[in-house]
Amino acid sequence: MDLHLLPASATDEERAAVDGILGQPESGWVGGSRTELDGHIARGGRAAREQRHLLLPVLHAVQSRVGWISEGALGYVAQRLTIPPAEAYGVASFYALFSTEPRPKTVVHVCDDIACRVNGAEDLCASLEREFGPPGSDRDGATWLRSPCLGMCEAAPAALVQNGSLAGHDVSVGVARIADLVREAGLGDPSEDDAPYWRSETRLSASMQRGGSAGPLLTRVGKADPTSLDSYRSHGGYEALRTAVALGPEGVIREVKDANLLGRGGAAFPTGVKWEAVAKQPVRPHFFVCNADESEPGTFKDRVVMEADPFAVVEALTIAGYATGSEAGYLYIRGEYPLAHERLRNAIEQCRARGFLGANVMGEGFAFDIELRRGAGAYIAGEETALFNSIEGKRAEPRNKPPFPVTHGVFGKPTGINNVETLLNVLEILRIGGPAFARIGTPDSTGTRLFCLSGCVERPGLYEIEFGTTLRELLDQAGGVREGRALQAILLGGAAGAFVTPDDLDLRLTFEDARAAGVSLGSGVVMAFDDTVDLVDIVLRIAAFFRDESCGQCVPCRVGTVRQEEALRRLADGRSNGGTGADLALIDEIAQVMRDASICGLGQTAAGAVQSAIAKLRLFDGAGSR
Amino acid sequence: MIVLWGSNARETHPIFFHHVLKGIRNGARLYSVDPRRTSSAQWADLWLGLDVGSDVALANAVGREIIAAGLVNQAFVDHATTGFDEYRDAVQPYTLEYAERTTGVPAEAIRELAHAFARADRAQLCWTLGITEHHNAVDNVLALINLSLLTGHIGRYGSGLQPLRGQNNVQGGGDMGAIPNKLPGFQDVEKDAEARAKFEKAWGTPIRADYGWHLSEMFEAMERGELTTAYVVGENPAQSEADQHRAMKLLLGLEHLVVQDIFLTKTAEIADVVLPASATWCEAEGTVTSSERRVQRVRKAMDPPGNARDDIWIMGEIARRLGHDWGDPTAEQVWDECRSLSPMHAGMSYARLEELNGIQWPCFDENDPGAQFLHGRLWLDGDEQGPLAPISVVHHDPPVDELTDEYPIRLTTGRRLDSYNTGVQSGGFSSPMRRGETLDVSPEDAERHGLQPGERVRVTSRRGTVVAPVRIDTGLRPGLAFMTLHFPDDVATNLLTIDATDPKSGTAEFKATAIRIDKLDAPAANGQPAEDATVPAGAGAD
């Protein structure tokens, strides 16, 4: 490719960061020093272009080493990977964790999303503003920014310290106080305030289910050592893969189909059907992707599992690869989960070293390996085709469907893709058999389900329940609304889900009951709001979230999410054009267009929660509610 | 697999290169053989940067390696070619090691090209002026043809030889007999008495049974005083010929010079008579023939401006004034006459050309669909096969203009995307990419000579001197420099080039000149102050 590079050149540090991922440049043509041989030979073309998928790892390396991605660094990356610099810039500027402008190396990302909002996020932001100045301002090499949901809603308010000066790498901080954040940013005296706070390493046990007994999905959580393969195996690890090998790929698929397992990522597609379709594709190779880009506001279930039971994720993905004839798996984890990433990296390394991944898995004569890919801050990357693009080193923009991933997935090859929780169920299916699994829950919603309880509940955390449990029972397990206050509303299924009211507490939590009630279980979010919460503020935050996270690729979503937020703000401020009714009608119309004409699920669901809030909570019945 | 050998198609054939890019997208591998790492070469899986004029050495080494590795398509060679044994013996000395020494390209890369080409399911070998603008142009072409014959990459879908033409109708010019040794349809003037008789009968005039002169020979004839009058149609030899000083002198020495062109070119400026012609792509009816031998209709969209006239009309009028009334034929009538005399065009009526969106010759009658592959016949049996294809013995012959301590740098010439040849057709349009003439040098040479980008330097060959600003191009290696011919009014590059010419094709060695680069503040070699070393007026500096 004839690249037109800008004159800016990379610093030694930037080059070292890139070379750390790609190795030393092979010739002067890709950024090394020019030798005599370079005058007579150059390699490139397909081999160079096929490295495109390394773009995100390389940008991560530069970002974490230097703190931002300069024009010179981007030019060097473009040269090494044969990517037009404009395209590389398009990718670097797409993801929130990358900065293409100079900024302090240490960045405190403070979640001001809905769960943290009702747990003091705004007070924390105000403290940060006093301490650091406005978002983005540099205080001794550190700054702070507001962030959408960081997936730590059970420990709200939460923060992510990028390149934390104290830790030297990224650190999640739960139940964050200003002193904790100042300390993690490397400012202030570490010994000054040693009162306990939640760093992600220490909070696991606290976020587990607090009432009732753990179900099969969480059986090892808090018991097995998440850093040790031996500990995992002593708790039943890798027995499921043995069973799978004994059954053969078709046998595994049969069990999964018999179990009637439905996908837990939000779409509730039958997992066995998906696996069978991939397995039958004549085109090779096949890929299997684990979608761990959990970014739905209010969702943290996959994070907890990956932090506490990472080997289970690796085993389950291996089984999926085996069943679908895939030799390569990708585990795409959201960029804001440093501990889960580290635990999985360690797990994959150990499994590789011990022959549970590689050319001959467990000596059973099949090959499977997993590449761990870290996202960089983009809600939309959780959409499966956007996730493929992200793995391929592109902007995480969803593709048109069809073709579907089953035939044209990552790298255009047949691809299976499942959410972490979905895969985890396969271990239990193989342990007890598909038919036995199908007897748990209800006939149409088999097995157990992880729910993320947060907001104003007494004991926020991860709860595993059998399908068919009512919302009330689940809420009771979490101790009900905290301080005995009255429940005002529940957000069910996340920002892309819907609000329900105290009248809906007898809803049975199954796919079919949810569908009948016109709501969705989504990613298992149950976020409760008590009577002190300003729900208009919550709805505005949701609207702002979608406006911010829309990838901008298709017009209905790009424009619709902006117009929706504008109309809501007018309603909230009581300054509607042509009266409240006109703006409500406009919101309805926008919702209709986004539902009908958006490329992907983000746009199609971006109006869902807002619509339910207007309809069920009657937020704007008295115009000028604020 | 696509091999671009001596072709920077990305810039010189941008539409063709779109198709190459589509091929690459669909999985084709691209190999580039070129002294410069051009923008085309940057798309290649492997670029082989050979020294200028070492193409035969490289091709023969590739051929030898194909034979040595047992990768010859023996069935095809036995079935359709002659001369294999002689070739095999002749290329014995062209070992990979010899080729590495002679071409500069690492042996391993040559081996890789040989194996990839021979093993490819389908392979295209494309070349442009990097092969033909040498004193041994025909040998270069034959050396490449040999590779296609050895591997059977010819006359099949996706496999073949592609000499990329510089204009939409270069092929048509040759087809119509605008070459010194052929009548229309490649019927030999000297050897084919039957064809000659056919033309004599149709035209009512005897035809001399010997070859005419090609362009370089015409200039030699001018030098000898044997050629005193020239009628130049759509050509600008005053600026496009190598060794421009000499070309200008000879043209000025003619007794009579007629130029027929749509632009007032430098040649037209010194002509005795200028005949303003029509733009054949929009102001005239007719046909053009593309690189793939496809004859296509051209339709008139507008009248030529002012006193400009259709070319057929101009020629007819000249004939009339010379005492021959050819009537007032339409383009179609002229074409139909051609069809009656050139068998390979016989089946191409205007109606069929229209209906089929052009036809690829040969097309012998009105039921003939034309030929998608020119050499598909080689795969057939018996009479249908026709003459066997000779594998030719050719040997390495370095450029005529030798590198010495006095002239240590190899200058090669070429084109850029924004301009065309001497700029007659492209100079009138602005382009954001155009940056004027420069002497492109490698970063190493710039450093060695202490040259800054934009600095004007004196460039001297054994024939002349020009002054040009320096541009640094990382696509060049030490000892290799590059200029274009696009801005002859500013920098007359052809004052430097050598008119060493291939005796068989008549093309001059534009691609290999030995030069020296001097800073302007250094004394000129002839002792004159630097300020005087400017472009001579004769080169059109006015």
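What you are looking at is a predicted structure, and each value in this text was computed from that prediction instead of being measured.

A. Here's a closer look at the overall build of chain A. When its secondary structure is counted, chain A shows 25 helices and 17 strands. Taken against the 2.2 N^0.38 rule, which gives 25 Å for 626 residues, the C-alpha radius of gyration of chain A at 24 Å falls within 12% of a compact globule. Each principal axis of the C-alpha atoms in chain A carries an extent, and together these give about 80 × 60 × 55 Å. Looking at chain A as a whole, 55% of its 626 residues are labelled buried. Taking all contacts inside chain A whose residues are at least 6 apart in sequence as the whole, residues at least 24 apart take part in 71%.

B. Summary view of the overall build of chain B. Along the backbone of chain B there are 20 helices and 21 strands. Its C-alpha atoms give chain B a radius of gyration of 24 Å, near enough to 24 Å, the size a compact globule of 542 residues would have. In chain B, which comprises 542 residues, the proportion classed as buried is 44%. Sequence-distant contacts, at least 24 apart, represent 68% of the contacts inside chain B between residues at least 6 apart.

C. Quick peek at the sheet that holds strand β10 (residues 256-261) of chain B. Residues and elements named next belong to chain B. Read across the open sheet, the 3 strands follow the order β9-β10-β11; overall the sheet is parallel. Single-partner strands in this sheet number two, and they are β9 (229-233) and β11 (273-276). Across the sheet, the axes of successive neighbouring strands diverge by a mean angle of 10 degrees, strand direction being ignored.

D. Broad picture of the sheet that holds strand β13 (residues 448-455) of chain A. Residues and elements named next belong to chain A. On the basis of which strands lie adjacent, the open sheet formed by 5 strands has the order β14-β13-β17-β15-β16 and mixed pairing. Of all the strands in the sheet, the pair left with one neighbour each is β14 (461-466) and β16 (498-500). Taken pair by pair, the neighbouring strands of this sheet meet at an average axis angle of 30 degrees, ignoring direction. Alignment of strand β15 (residues 487-492) against strand β17 (residues 525-530), held across 5 bridges, turns out to be antiparallel. Within β17, the residue paired with Leu491 across the bridge is Met527.

E. Quick peek at the environment of Ala376 of chain A. Residue and element names in this part refer to chain A. Considering the arrangement of structural elements, one finds Ala376 in the loop between β9 (369-374) and α16 (384-391). Sequence spacing of Ala376 and Glu336 is 40 residues, and the spatial spacing of their C-alpha atoms is 7.5 Å. Ala376 has contacts with Leu56, His60, Tyr95, Leu97, Phe98 and Gly335, leaving out every residue within four places of it along the chain.

F. Examining the interface of chain A and chain B more closely. On the side of chain B, 20 residues touch chain A, which itself brings 12 residues to the contact. Listed by contribution, the elements that provide at least two residues to the side of chain A that touches chain B are β1 (41-43) and α2 (45-49) of chain A. Classifying every residue of the side of chain A that touches chain B by side-chain character gives 5 nonpolar, 4 polar and 3 charged. Pairing analysis gives 3 bridges linking β1 of chain A to strand β3 (residues 46-48) of chain B, with the strands arranged antiparallel. Residue pairing across strands places Arg43 of chain A opposite Leu46 of chain B, the latter belonging to β3 of chain B.

G. Structural detail: helix α7 (residues 107-119) of chain B. Residues and elements named next belong to chain B. The terminal C-alpha atoms of α7, which comprises 13 residues, lie 18 Å apart, in line with the 18 Å expected from a rise of 1.5 Å per residue. Looking only at α7, the buried set comprises Ala109, Ile110, Leu113, Ala114, Phe117 and Ala118. Viewed end-on, α7 has its buried residues packed into an arc of 160 degrees, placing them on one side of the element.

H. Region of the structure containing the pairing of strand β16 (residues 409-414) of chain B. Residues and elements named next belong to chain B. For β16, a buried count of 6 out of 6 residues is recorded, marking the element as mostly surrounded by other parts of the structure. Burial along β16 is two-sided: Ile409, Leu411 and Thr413 and Arg410, Thr412 and Gly414, pointing in opposite directions, are all buried. Pairing of β16 with strand β21 (residues 513-519) involves 3 bridges; the strand directions are antiparallel. Pairing of Leu411 across the sheet is with Thr513, part of β21. Bridge count between β16 and strand β20 (residues 480-484): 5 bridges; the pairing is parallel. Pairing of Gly414 across the sheet is with Thr484, part of β20.

I. Up close: the environment of Glu71 of chain A. Residues and elements named next belong to chain A. Mapped onto the elements of the fold, Glu71 is located in helix α4 (residues 71-81). The partly exposed category is assigned to Glu71, around which 16 C-beta atoms lie within 10 Å. Distance in space between the C-alpha atoms of Glu71 and Tyr322 is 43 Å, their sequence separation being 251 residues. Ignoring any residue separated from it by four or fewer positions in sequence, one finds Glu71 in contact with Leu6 and Ala8.

J. How the structure looks around the packing of helix α13 (residues 301-308) of chain A against helix α17 (residues 420-432) of chain A. All names here are of chain A. Contact pair α13 / α17: the axes reach a minimum separation of 9 Å and the direction vectors enclose 55 degrees. By the angle class used here, α13 and α17 are oblique. On α17, the residues that touch Lys301, Asp302, Val305 and Met306 of α13 are Val420, Glu421 and Leu424. Among the residues forming the contact of α13 with α17, the class breakdown is 4 nonpolar, no polar and 3 charged.

K. Summary view of helix α11 (residues 239-259) of chain A. Residues and elements named next belong to chain A. If you check α11, its first and last C-alpha atoms are just 18 Å apart, much less than what 21 residues at 1.5 Å a residue would give, namely 30 Å. When the local axis directions of α11 are compared, the greatest deviation, roughly 110 degrees, occurs at Gly248, which is followed within four positions by the proline Pro249. Among the residues making up α11, those that are buried are Ala240, Leu241, Ala244, Val252, Ile253, Glu255, Val256 and Ala259. Asn260 lies just past α11 and shows a positive phi near 60 degrees.

L. Representation of the pairing of β10 of chain B. Residues and elements named next belong to chain B. Across 5 bridges, the pairing between β9 and β10 is parallel. From the neighbouring strand, Tyr231 faces β10, where its bridge partner is Val258. Two elements, β10 and β11, share 4 bridges in a ladder whose sense is parallel. Following the sheet pairing, Val259 is matched in β11 by Val274.

M. Examining the environment of Lys182 of chain B more closely. Residue and element names in this part refer to chain B. Inspection of the secondary structure puts Lys182 in strand β7 (residues 182-183). Owing to 20 C-beta atoms within 10 Å, Lys182 belongs among the buried residues under this scheme. Placed 144 residues apart in sequence, Lys182 and Trp326 show a C-alpha to C-alpha distance of 22 Å.

N. Just the packing of helix α22 (residues 555-573) of chain A against helix α23 (residues 580-597) of chain A, in detail. Residues and elements named next belong to chain A. Between α22 and α23, whose axes approach to 9 Å, the crossing angle comes to 160 degrees. When the axes of α22 and α23 are compared, the pair comes out roughly antiparallel. Note on packing geometry: the crossing formed by α22 with α23 is left-handed. Residue-level inspection shows Pro556, Cys557, Gly560, Arg563, Gln564, Ala567, Arg570 and Leu571 of α22 in contact with α23, the latter providing Thr580, Asp583, Leu586, Ile587, Ile590, Val593, Met594 and Ala597. The residue inventory of the contact of α22 with α23, partitioned by class, reads 10 nonpolar, 3 polar and 3 charged.

O. Focus on unusual backbone geometry. All names here are of chain A. Omega for the bond connecting Ala156 with Pro157 falls within 30 degrees of zero, at -5 degrees, which places this linkage in the cis form. Look at the link from Arg284 to Pro285: it is a cis peptide, with omega at -5 degrees. By secondary structure assignment, the location of Pro285 is in the loop between α12 (271-279) and β7 (286-292). The phi dihedral of Asn260 is positive, around 60 degrees, even though this residue is not glycine. By secondary structure assignment, the location of Asn260 is in the loop between α11 and α12. The backbone of Arg618 shows a phi angle near 50 degrees, a positive value even though the residue is not glycine. Note that Arg618 resides in the segment after α25 (608-616).

Each value, and the rule that gives it
- Residues numbered from 1 in each chain as written.
- Chains lettered and ligands numbered in written order.
- Predicted model: local features only at pLDDT ≥ 70, side-chain atom pairs only at ≥ 80, totals over all residues.
- Helix = DSSP H or I, 4+ residues; strand = E, 2+ residues; numbered from the N terminus.
- Rg over C-alpha atoms; globule rule 2.2 N^0.38 Å.
- Buried ≥ 20, exposed ≤ 12 C-beta atoms within 10 Å, placed from the backbone.
- Contact = placed C-beta atoms within 7 Å.
- Pairing = 2+ DSSP bridges.
- Axes fitted to C-alpha atoms, helices over the stretch in contact; angles between N-to-C directions.
- Nonpolar A, V, L, I, M, F, W, Y, C, P; charged D, E, K, R; others polar.
- Expected span 1.5 Å × (residues − 1).
- Arc of directions from axis to C-beta.
- Parallel < 35°, antiparallel > 145°, perpendicular 65-115°, else oblique.
- Bend = angle between axes of the 7 residues up to and from the residue.
- Left-handed = near helix turned anticlockwise from the far one by under 90°.

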